[in-house]
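What follows is the residue order along each chain.
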Amino acid sequence: MRRFEGAVAVVTGAGSGLGRASAQRLAAEGANVVAVDVNTDAVLDVVASLPTPGIHVTADVSDEDAVDAYMAAGIEAFGQIDLFHLNAGIFGSFAPIPDLTVDDFERVMAVNVRGQFLGLRAALRHYRDRDVGGSIVFTASIAGHRGSADLLPYQTSKHAVTGLVHGAAMYGGPLGVRVNGVAPGIVPTELFAAAATTRGGGNDMTARAATTPLRRAGTPEDIAGVVAFLLSDDAAYTTGEIVTADGGASIVNTVRPSGGAGAWDPTGIDDALYGADRRRPGGAGTTGGDAS
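Notes on the structure in this doc start here. (Residues numbered from 1 in each chain as written. Predicted model: local features only at pLDDT ≥ 70, side-chain atom pairs only at ≥ 80, totals over all residues. Heavy atoms only, no water.)

**Details of the sheet that holds strand E1 (residues 8-12)**
Consideration 1: The strand order across the open sheet formed by 7 strands is E3-E2-E1-E4-E5-E6-E7, and the pairing between neighbours is parallel. Across the chains shown, the open sheet's two edge strands, defined by having one partner strand only, are strand E3 (54-58) and strand E7 (242-245). Across the sheet, the axes of successive neighbouring strands diverge by a mean angle of 15°, strand direction being ignored.
Consideration 2: Here strand E5 (residues 134-139) runs beside strand E6 (residues 177-184); their pairing, made up of 6 bridges, is parallel. What sits directly across from Ile-136, in E6, is Val-179.
Consideration 3: Sheet strands in contact with helix H2 (residues 40-49) are strand E2 (32-37) and E3, and its direction is about 175° off that of E3. (Pairing = 2+ DSSP bridges. Helix = DSSP H or I, 4+ residues; strand = E, 2+ residues; numbered from the N terminus. Axes fitted to C-alpha atoms, helices over the stretch in contact; angles between N-to-C directions. Contact = heavy atoms within 4.5 Å.)

**Side note on the packing of aromatic side chains**
Consideration 1: Scanning all chains against the criterion turns up 2 aromatic pairs.
Consideration 2: Geometrically, the ring pair formed by Phe-84 and Tyr-127 is edge-to-face, given 5.8 Å between the ring centres and 90° between the ring planes. With Phe-84 in strand E4 (residues 83-86) and Tyr-127 in helix H4 (residues 102-130), this residue pair connects regions lying 43 residues apart in the sequence.
Consideration 3: Assessed through its relative accessible area of 0%, Phe-84 is described here as buried.
Consideration 4: Tyr-127 sits in the buried class, given a relative accessible area of 2%. (Phe/Tyr/Trp six-rings, centres within 6.5 Å; stacked < 30°, edge-to-face > 60°. Buried < 20%, exposed > 50% of the residue type's maximum accessible area, 1.4 Å probe, protein only.)

**Regarding unusual backbone geometry**
Consideration 1: We note that Asp-131 has phi near 60°; this positive angle belongs to a residue other than glycine.
Consideration 2: Tracing the chain through its elements places Asp-131 in the loop between H4 and E5.
Consideration 3: Judged by relative accessible area, Asp-131 falls into the exposed class, the value being 72%.
Consideration 4: For Arg-215, which is not glycine, the phi torsion reads 60° and is therefore positive.
Consideration 5: Classification of Arg-215 by relative accessible area gives exposed; the value is 53%.

Quick look at the structure:
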């Protein structure tokens, strides 16, 4: 299929993982690609791998001037930009919530929320200037649908991305601009490489993914296929949606035997997170102290 023949697509975070797969998929379907990443060597390598014309732009998506710069570079190279995959993101700190610093929190929010907002605003301004419609896809996450006791800044940022999708879809719809998100589940990429030995990081992703209905982790190419669909005219009547691509993880009822209930001992999980001397038997509502 050549659904994007002659179109121009911006992909942020294109140097590795989901962004790299997205850039390659869109190019395979005919798009010229503006590949954006903070890692110059990585994004140069991606552009060299594309079957269509592409340019690389080294940029920190959380910086307003840098976003303006990648837009200007794309327009100078190709005359226009038609499609946006706003993908760049970081996972941040695994520290327990009481130990998180303001810097830990704000660094993730700067990239994952401010960076996504700046990309969205730039896209909408460009469509307005050209008086055309278009299509935008955010990389969301199943972390934006549920909660966990770790990675709070990341979770919070991905909940915020859902808000960006919904608000932008409402604004863009009457203008012919569709805005959607893809919510990956467990997809081993370089994003978690720095936490390869951390529980919930890279070292146990395959084991955790084995509990999903599809019994496997996803691949960047799995996610790129969803992105390509949402950006294409095949999704012409789809906007404001967060399309989950998680092997079925989000549908699992974890208190049923088929969902894994009883398959693990939560003591080890709780002791690692809270410490055996602080965890209170009985959970919430149990003080564990002396009656007075």
